[in-house]
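Observations on the three-dimensional arrangement
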Amino acid sequence: MEALDLIDRKIMAELMRDATLPLAQIGEKVGLSQTPCWKRIQRLQESGVLTARVAMADPAKLGFGLTIFVGIEAPDHGADWRAAFTRAVTSLPEIMEVYRMAGEMDYLLRIAVPDMTAFDTLYKRLTDAVPIRNVTSHFAMERMKFTTAYPVDTRSR
């Protein structure tokens, strides 16, 4: 897909802020009637810019009171190990995000669990599933900012 124009960026900003907005309201905010607005949203979905529309939840109210950021050092960087690691982390739903990193750690995981006992169980399942050189865990004390909305430019053309 070509670069997003101003209207597409405005539509994306509105959807990232609140995906439950009625189509008429999104159109009004971006200066389009419903049909052209809907066609743009469909094009954004088809091109893979808009990947999902989901509900945001408070993890603590769902029983996930502990967030851990885990750094992983791989014992090897071969295709077989990477495939085994990918299978392991995708099989564990408590692992919310996984990033391959540059620098001291090879992978960074964001994990949400109810408590330390649940984290210990998850830790054992992960380390039993794939060899790991080193694991460094950082426990979040407070979430001070969280958003899934990217700061798209909605002003300049």
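Each remark here, short or long, concerns the structure printed above.
Below: a short report on this structure. (Residues numbered from 1 in each chain as written. Predicted model: local features only at pLDDT ≥ 70, side-chain atom pairs only at ≥ 80, totals over all residues. Heavy atoms only, no water.)

1. Looking at the packing of aromatic side chains
Counted by the stated rule, this structure contains five aromatic pairs. Their ring planes at 10 degrees and their centres at 4.9 Å tell us that W81 and F85 sit as a pair that is stacked. With a gap of four residues between them, W81 and F85 both fall in helix α4 (residues 79-90), about one helical turn apart. A relative accessible area of 1% places F85 in the buried class. (Phe/Tyr/Trp six-rings, centres within 6.5 Å; stacked < 30°, edge-to-face > 60°. Helix = DSSP H or I, 4+ residues; strand = E, 2+ residues; numbered from the N terminus. Buried < 20%, exposed > 50% of the residue type's maximum accessible area, 1.4 Å probe, protein only.)

2. Details of the packing of helix α1 (residues 6-17) against helix α3 (residues 34-46)
It is at 10 Å that the axes of α1 and α3 come closest, and there the two elements cross at 80 degrees. Compared by their axis directions, α1 and α3 come out roughly perpendicular. Contacts between α1 and α3 involve I7, D8, I11, M12 and L15 from the former and C37, R40, I41, R43 and L44 from the latter. Among the residues forming the contact of α1 with α3, the class breakdown is seven nonpolar, no polar and three charged. (Axes fitted to C-alpha atoms, helices over the stretch in contact; angles between N-to-C directions. Parallel < 35°, antiparallel > 145°, perpendicular 65-115°, else oblique. Contact = heavy atoms within 4.5 Å. Nonpolar A, V, L, I, M, F, W, Y, C, P; charged D, E, K, R; others polar.)

3. Describing helix α2 (residues 23-30)
Residues separated by three or four positions in an α-helix point in the same direction, a consequence of the helix having 3.6 residues per turn. Taken together, the buried positions of α2 are occupied by I26, G27 and V30. Buried residues of α2, seen end-on, are gathered within an arc of 100 degrees and therefore sit on one face of the element. Next to the buried residues of α2 lie α1 and α3. Just beyond α2, the residue with positive phi is G31, at close to 85 degrees. (Arc of directions from axis to C-beta.)

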